[in-house]
Structure formats: structure tokens, C-alpha cells
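Residue-level structural notes
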Amino acid sequence: MKNFLAIILAIATMLTLFVACGQKVQDEQTSQTDSSSVISPSENTDTKEFEIYYPSYMHSTEGEKLVLPKKPEKIIVLSNSAMQILVRCNIKPIAFRKAPNYIDFPDWVRELPQIETGMNGLDLEKVMSMEPDLIIMGNHLKKDYDNQLKDANIPVYYTSEGPGVSYPEVKEEAITFARSFGSDDIAKAVEEEFNAVEKRAEAFKASMESKKSMILFGTPPSYQQTSESYLGSILSMLPFENLADTLVDKTLRMAPLDMEKLVEINPEVIFAISPTSATSDIIEKVYKEEFAKNPKIWNSLNAVKNNNVIYLSSEYVTSKGIHIVKSINNLIDLLEKKFEVKPDTENNTSNGKITIEYPKDMQDKGFNNPLVLEKKPERTVVMSKAPVLALHKLGVKMIAIPKGGAVEWPKDLEESTEKLDISMKSNLDIETIIALNPDLVILGDRSKDKYGKILTDANIPVYYVNAGHTVPYEYIKDQTQMLVKAFGENSSNGKEIMARFESLEKELTDLQAKYSNKKVMVLQSSPPSHFIQTEEGTLASMAKMMGFKNVYENKTTSMAPLDMEQAISYNPDLVLCVGGTMDSESHKQAMEEDFAKNPDYWNNISAIKDGKVLYFSSKFISNTGIGFIDTMEEFIKTVNSFYKE
């Protein structure tokens, strides 16, 4: 009990400091979360000084900005919210605090030296020994350490932390910070993530009647939270009326709980959170023990009687920066299931229609008009491997897909769909496709003249994709974005898909520096025929993403017949060989046999002579959409293993 009281007193003290430091702001200030409320620090690139701006609600305590003589190089970050933005800006600090497991930090973040910032305070001696030129930390630490850090001439940028930080404040701080350390493009991308979750929250709010609710804080519950607390501000975006606002001044954000008042107002729904409960299972167990001790009181509440107590992990206790977007999406997922609300945000239109736009690559080919469907398709036939995995993830019902070949389809998809032979040697009868009575056919653009007109004449909607063997990463990502936008822009699966692209790009940032001084030649072969890929080829684009320089340039194509005479002058550091075989060993055997037939020629290429050759199966030239991410991960491991990185 003493430990619990100590924790609650510590939290109450933190909230008092929070209010004293100016977090209690006017309504018009906290609502200023659009991009116009954030000052763009253009001076960061135009002058030697480096300026880090504060969100508007912190101007009264911290000023408009922190000005440094130059861009900091040795940053210690003690704020999860700040760290998430720095990762996006490709900035590596020299130390960090222990990161929560539920935040998707890259591995290198968790490998940084750790600075403790727990109940025992800050390890100031360790901080100073690292000689940072900037410390970023929560403003709850300011009272205890600001003077000492000033005496040591170490500049500090303070972030908002704690259960009293509201959603509008989290949003403004993230955008401001992204503009300070990154660029307008990064800030815009961050803002778009917030806007997307707001759109989903708005749709969910409209999907069910508002319910009277309370947020109970602590175990056993000792506090109540208003609509201006961290969780309270999230729930205010959803169909829940916070009854605490009628009992106490909502700007207090958290206040002691009056059990008599709780019984009197009798909420329909209770949200339970605690800083000491890392998971929902832990807090649920504690609450149910409390219910059993005082059944007369608790069972008089409609929320308890109707099993409408929502137990949440400590993720929802305090501000976590831009991670709040994922938290809100997860919460809506939970609430949709709890209250049996059918999501109405999977489509990108409000009238039930589906609009599938074309990426720029396809627009350049003349596919300028988006395909508009009256409703979400239920009998989709896919005649290209490229979109299959993304459509499956997005919940689009497919009745026929291509044979997998080198690509292994998920078991449920394999079992529920008819398989089409779409190989060049196949004699696919388009009437067979029409007989399936599809409400959408997705077709490779190269088959437009062969099949497209027949399908449209049969009143079957057709959407075209780039399905060639030399499709660069940028197109794969852009095409996937169009499918996500059409079938699940605001869904958790849609966000997860695009997050995987983002995660891959972050992983590649470090590798590019390692391999930027190496040249590569990419051969796509069916011996004795050999073609060479430009950096726009599928496998070559993978090498480009890792930093390799391609020895062959050709602005008119992504692949061309190999000029044997010219190839001798390329002098690559590494040769990548890919073909139509199902496995790399088979292609290696075919290529080495071809090399052996003409050793006087091939040994003129030093990389081949010295065995600096890597071989890949046909999946490294097929456009498998989001399957590219797994293939790219395999490619990274193969190259790193070759160079023993």
C-alpha cells in the first residue's frame, strides 16, 4: 500500500509541476494543431545557427525556440516522443533512455547506451561524462536538473511528458519537432498520419451513439481523468462523453475519485488504466479483485453489470509522441469489436464507392483515369502476381489468382482460390475468366490489348498494373499505396503495410554508406542469352537501394541485351545473376556452365574470375508487390553475408 501511495503521490506531484509550467493553456491555444500554428525553421539551413522550435502552448514557459550556435552532433535523448521523430529524420543520438517495447524503434535505437530516468531520478554524472551538445528531455525533469545543466553549459530542449498532455498538444509538438530537425516534407508526412487517424476517429464517432463514460486511474482506482487528459483527449475524439467533466474542472485533467459520485452518475462505460499495469490483463485482474471485495458498490454500476469495463495497458497512461496514432488505431479496433460496430473506413469514399487511382508510373503510360467501382468487389480475379499479397492483407475477396511458382501464397489464399497459368507459354482462354463472373479483374498492362478490350466489352471492370520483370521499388511502393488508399487507407492492416515500406527504408539508410563505393553489374540470363539491368531493373533497384553504383546506364529501358565487348570495360566489384529458375542453385549451375564454355571472355571480368558473383532465383525479378519487402530482406542478408557485414 505504501508503494502504491508513493507512486500516486509522485504522479500527483508531476501533474502539479505540469500545470505550474504552463501546460494549462487556453482552449484556443491547444486547438492550434494545424501546420499554420507551427513555425517553419528555414534558418536551420540558411544560417550557421540551429533553431529548435517549441509548440505554441509551451511559448509561455520555454519561449518560441531554442537557438544553438550550430547543429548538434552529440545528442542525448531522454524522451520517447522526440526519439521517434529523430529516427524519421535519420539523426542518431549518442544515448537514449530505455524504450517501451510497444514502440516500433529500429534495433539500433535499443542498442544505444541507456540513461536511467526512473523513479530514482536522472543519472546526471553519466550524462555529463558523455559531453553532449544537446539534451532532449521531458519538462517534468526541469525543476531538478535545469540549473545544474545550465552551469555545465549544456543546452536542453524540453518536451511535454505525462498523463496530462492532450492529443492536440502531442500533434503540434510532433509536427514542430519534425520541422526543426527534418524538413517540411517530413513534417507534412507526420501531419498526414495524424490527419488520417482523425478521419478514422470521426468515422467511428459517427458509427455509434455516444456513451456516458469515466476514466478511472490507478489500482485500485483512486483518480478520475477528464477529457483534457492524455487518454481523455483521445476518447473525446470517439463516441464517449466524459462524465468527469461534470464533476470537476476539466482543465485539471486528473482529480481524486469520489466513489459516491461515481455511483450517482453511473457511467455506461468505464476505461481503466494504471501506470503500474503494463498490460490490460494485469489491470483487469486487480480490478476484478476489487469488484469482489465490494460487490454491492461495483455491481450497482451499469458499466460493471454489462461488462463494459475497458481495461487498457500503460501505453494509454502518458504521452508517447507520434505513437499515439498507432494507439488510437488499436483502441478503435478494440472498441469496434467490443461494441460490434462494423468499420466504415475501409473505403476511400463516403458513399460506398471504391476509387482505385493509378500511380505516376502508370499515368506516364496513359492510364490517367482512376477506376471507380460502385462497391467493394467480392469476386476479384487477379491475373498478375504483383497485387495479390496486398489485396489479401486488405481483405479483398479473390476467387482466382496466378500460380505461385517461386512465390508461396498464404495457406488460406492457396486453398480458397482458383489458380491461373499466366506464363508466356500458357494458352489462357479469356472466356474462362469471364465465366467466373468477376466484379473486378486486375491485369498486367502488357495484356491490355490482348485481354483488356474483351473484358470491358463484357462489362467487367479492369484495373491495370505494371507486372513486368524489371519493376523498380518506387513503382511497387506507389502501386501498393494506391491499393491501400482504395481498400484500407484507415485500416490497421493498411497502415501496417505502408509501415513495412518505411521500416525497410530506415534499415537501408545505414547500408547505403557501407556500399556506396562499390560498383555492381546485374545480369538477367537464360544461358546462352544474357541481358543487363539498369538501376531501374527489379534486382538492380535492390542493389541501388543498398548504395551500389550500377555499371550500366540506359535512360530508355530497364534492361537490354548484354554488349559482350562493352561489358569487359565495366569492371564491377560484384556481379548479380538472376534468371527464370525456381532456386538460386539451379541458376548458379546454369551460369557457371556458360562461363566455363567461354572462359577466355568471362575471366576478363575480374569479379567473375575472382568468384565475386551472387546468384538469385526468379522471385528476384518478379513483381510480387509487398512480397518485395521479404525478398529485399533476403537480398540484404545475402549481400551482407558475402561481405561478412
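Here, every reference points to the structure presented above.
Cut-offs and rules
- Residues numbered from 1 in each chain as written.
- Predicted model: local features only at pLDDT ≥ 70, side-chain atom pairs only at ≥ 80, totals over all residues.
- Heavy atoms only, no water.
- Helix = DSSP H or I, 4+ residues; strand = E, 2+ residues; numbered from the N terminus.
- Buried < 20%, exposed > 50% of the residue type's maximum accessible area, 1.4 Å probe, protein only.
- Contact = heavy atoms within 4.5 Å.
- Areas by Shrake-Rupley, 256 points an atom, 1.4 Å probe, with all protein chains shown as cover.
- Core = buried A, V, L, I, M, F, W, Y, C linked by side-chain atoms within 4.5 Å.
- Salt bridge = Lys/Arg side-chain N within 4 Å of Asp/Glu carboxyl O.
- Pairing = 2+ DSSP bridges.
- Axes fitted to C-alpha atoms, helices over the stretch in contact; angles between N-to-C directions.
- Phe/Tyr/Trp six-rings, centres within 6.5 Å; stacked < 30°, edge-to-face > 60°.
- Lys NZ or Arg CZ within 6 Å of the ring centre and 35° of its normal.
- Parallel < 35°, antiparallel > 145°, perpendicular 65-115°, else oblique.
- Left-handed = near helix turned anticlockwise from the far one by under 90°.
- Arc of directions from axis to C-beta.
- Patch = residues over 30% accessible without salt bridge, like charges linked within 9 Å, V, L, I, M, F, W, Y side chains within 5 Å.
- Lys, Arg positive; Asp, Glu negative; His and termini not counted.
- Charge placed at Lys NZ, Arg CZ, Asp CG, Glu CD.
- Polar contact = N/O pair within 3.5 Å; in protein donor to acceptor, adjacent residues only side chain to side chain.

Topic: the overall build of the protein
- Counting secondary structure elements, the protein contains 29 helices and 25 strands.
- When burial is assessed residue by residue, the protein has 52% of its 645 residues classed as buried.
- Expressed as a percentage of contacts within the protein between residues at least 6 apart in sequence, the contacts between residues at least 24 apart total 66%.
- In the form shown here, the protein has an accessible surface area of approximately 29,800 Å², with 47% of it arising from carbon and sulfur atoms.

What to know about the nonpolar core
- Ile136, Met137, Phe181 and Phe271 are the most contacted members of the largest nonpolar core, which has 84 residues in total.
- Considering every element that reaches this core, the biggest residue donor is helix H9 (residues 167–181), with seven residues.
- Formed by 78 residues, the second largest nonpolar core is a distinct cluster that contains Leu413, Leu483, Val520 and Ile629.

Points about helix H5 (residues 80–88)
- Within H5, eight of the nine residues are buried, which leaves the element mostly enclosed by the surrounding structure.
- Taken together, the buried positions of H5 are Asn80, Ser81, Ala82, Met83, Gln84, Ile85, Leu86 and Val87.

Focus on the pattern of salt bridges
- As enumerated under the stated definition, the model contains 24 salt bridges in all.
- Across the pair Lys288 and Glu284 runs a salt bridge, and its minimum N-O distance is 2.8 Å. Of this pair, Lys288 and Glu284 both sit in helix H13 (residues 280–293), four residues apart, roughly one helical turn.
- Using a relative accessible area of 44% as the deciding quantity, one classes Lys288 as partly exposed.
- Judged by relative accessible area, Glu284 falls into the partly exposed class, the value being 24%.
- One salt-bridge network, held together by shared partners, links Arg88, Glu193, Glu502 and Lys506.

Let's talk about the sheet that holds strand S6 (residues 156–159)
- Taken together, four strands build an open sheet; the order of strands is S4-S3-S5-S6 and the sheet is parallel. At either end of the open sheet lies a strand with only one pairing partner, and these are strand S4 (95–96) and S6.
- Note: strand S3 (residues 75–77) against S4, two bridges, orientation parallel. Its bridge partner being in S4, Val77 is matched across the sheet by Phe96.
- Across the face of the sheet, H5 comes into contact with S3, S4, strand S5 (134–138) and S6 while running at roughly 130 degrees to S3.
- Contacts from helix H8 (residues 142–151) reach S5 and S6, with the element oriented near 165 degrees to S5.

A closer look at the packing of aromatic side chains
- Going through the model one piece at a time under the given rule, you end up with 24 aromatic pairs.
- Taking 5.1 Å as the distance between ring centres and 90 degrees as the angle between the ring planes, the aromatic pair formed by Phe642 and Tyr643 counts as edge-to-face.
- With a relative accessible area of 27%, Phe642 lands in the partly exposed category.
- Taken together, the ring pairs in this structure connect Phe50, Tyr54, Tyr157, Phe177 and Phe181 into an aromatic cluster.
- Over the ring of Trp108 we find Lys92; its NZ or CZ atom is 4.9 Å from the centre of that ring.
- Over the ring of Tyr464 we find Lys448; its NZ or CZ atom is 5.9 Å from the centre of that ring.

Observations concerning the packing of helix H24 (residues 538–545) against helix H29 (residues 627–642)
- Interhelical geometry of H24 versus H29 gives an angle of 60 degrees and a closest axis separation of 11 Å. Relative to H29, the element H24 lies oblique. Where H24 crosses over H29, the two elements pack in a sense that is right-handed. Contacts between H24 and H29 pair Leu539, Met542, Ala543 and Met545 from the former with Phe628, Thr631, Met632 and Phe635 from the latter.

Topic: helix H21 (residues 448–457)
- Residues of H21 that are buried: Tyr451, Gly452 and Leu455. Buried residues of H21, seen end-on, are gathered within an arc of 105 degrees and therefore sit on one face of the element. Facing away from the buried surface of H21 by more than 90 degrees, the exposed residues are Asp449, Lys450, Lys453 and Asp457.
- In this fold, the buried residues of H21 make contact with helix H20 (430–435), strand S18 (440–444) and strand S19 (462–465).
- Immediately beyond the C-terminal end of H21, within one or two residues, lies Asn459, with a positive phi of roughly 60 degrees.

Concerning a negative patch on the surface
- A surface patch of like charges, here negative, comprises Asp583, Glu585, Glu592 and Glu593.
- Within the secondary structure, Glu592 is located in helix H26 (residues 584–597).
- Glu592 sits in the partly exposed class, given a relative accessible area of 39%.

Some words on the side chain of Gln533
- Along the polypeptide, Gln533 turns up in strand S21 (residues 529–533).
- For Gln533, a relative accessible area of 0% corresponds to the buried category.

Structural notes on the environment of Lys65
- Note that Lys65 resides in strand S2 (residues 65–68).
- Contact partners of Lys65, with chain neighbours within four places excluded, come to Glu51, Ile52, Tyr53 and Tyr54.
- Engagement of the side chain of Lys65 in a polar contact is seen with the side chain of Glu51, the distance being 3.3 Å.

With respect to the sheet that holds S19
- Spatially, the five strands line up as an open sheet ordered S17-S16-S15-S18-S19, and their pairing is parallel. Edge positions in the sheet fall to strand S17 (418–420) and S19, since each of these pairs with one other strand and no more. For this sheet, the mean angle separating the axes of adjacent strands, direction not counted, is 20 degrees.
- Bridge analysis of strand S16 (residues 398–402) against S17 gives three bridges, and the strand direction is parallel. Pairing of Ile401 across the sheet is with Lys419, part of S17.

Things to note about the pairing of S21
- In this structure, strand S20 (residues 519–526) lies alongside S21, joined through four bridges in antiparallel fashion. Across the sheet, the residue bridging to Ser526 is Ser529, located in S21.
- Following S20, the chain reverses through two residues before pairing antiparallel with S21.
- Note: S21 against strand S23 (residues 559–561), three bridges, orientation antiparallel. Each bridged residue has a counterpart across the sheet, and for Phe531 the counterpart in S23 is Pro561.

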